[in-house]
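The primary structure of each chain is shown beneath.
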Amino acid sequence: MTRYNILILVAAGGSAALLLGALAFQYIGGLAPCALCIWQRWPHLVAVLLGALGLFVGGGRLIPALGGLAALTSAGIGVFHVGVEQKWWEGLASCSAGSISGVSTADLLNPAVDVAQVVRCDEIPWQMLGVSMAGWNVLASVALAMIWFALARRP
């Protein structure tokens, strides 16, 4: 296995690990994601797919550059999310207030129907060492982007 392939596996595997961790928090830990949490996942999925493509297609600079951009995109969304959590700026209307759009009147009036509340982006449901999940995503995504861009710069 070449150094290129190993670094592709590390970079794409890091994104896969972040996705699996987020899904574990959601489905095992019971922490429902907000809209910004879900948005941070999509670029990691793109990075995983680019990693798979890079392994099959081989060396080149375009795939690692795109992988780095995907990781930085997730980091950027994460920075915005951290700012919303810390009340540095306003978040999106779709995840900062309870919305009942899309719920029928019959469901609202039926006590047997469970109408889930909107998960707020401006609340921190979990943190470690004073850093929220969004903050950890920023740190990990920047590290992964550095690996991707190091691959893109190689001769």
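Residues numbered from 1 in each chain as written. Predicted model: local features only at pLDDT ≥ 70, side-chain atom pairs only at ≥ 80, totals over all residues. Heavy atoms only, no water.

Further remarks concern the overall build of the chain. For the chain, the helix and strand inventory stands at 5 helices and 2 strands. Starting at the N terminus and ending at the C terminus, the chain contains elements arranged as α-α-α-α-β-β-α. In the chain, which comprises 155 residues, the share counted as buried stands at 34%. The contacts in the chain between residues at least 6 apart in sequence include a share of 77% that link residues at least 24 apart. (Helix = DSSP H or I, 4+ residues; strand = E, 2+ residues; numbered from the N terminus. Buried < 20%, exposed > 50% of the residue type's maximum accessible area, 1.4 Å probe, protein only. Contact = heavy atoms within 4.5 Å.)

With respect to the helices and strands, the residue Gln-40 is situated in helix H2 (residues 35-57). For Gln-40, the residues in contact, after removing those within four places along its chain, are Ser-74, Ile-77, Gly-78, His-81, Ala-134 and Asn-137.

Next up on the list: helix H5 (residues 133-153). With 21 residues, H5 ought to run about 30 Å at 1.5 Å a step, and its terminal C-alpha atoms sit 30 Å apart, in line with that. Buried within H5 we find Ala-134, Gly-135, Asn-137, Val-138, Ser-141, Leu-144, Ala-145, Trp-148, Leu-151 and Ala-152. (Expected span 1.5 Å × (residues − 1).)

Before going further, it helps to examine the packing of helix H1 (residues 3-27) against H5. As a packed pair, H1 and H5 sit with axes 9 Å apart at the nearest point and diverge in direction by 165°. Put simply, H1 runs roughly antiparallel to H5. In this structure, H1 meets H5 at a crossing whose hand is left-handed. Contacts from Tyr-4, Leu-7, Ile-8, Val-10, Ala-11, Ala-12, Gly-14, Ser-15, Leu-18 and Phe-25 in H1 reach Met-133, Asn-137, Ala-140, Ser-141, Leu-144, Ile-147, Trp-148 and Leu-151 in H5. For the contact of H1 with H5, the per-class residue count stands at 14 nonpolar, 4 polar and no charged. (Axes fitted to C-alpha atoms, helices over the stretch in contact; angles between N-to-C directions. Parallel < 35°, antiparallel > 145°, perpendicular 65-115°, else oblique. Left-handed = near helix turned anticlockwise from the far one by under 90°. Nonpolar A, V, L, I, M, F, W, Y, C, P; charged D, E, K, R; others polar.)

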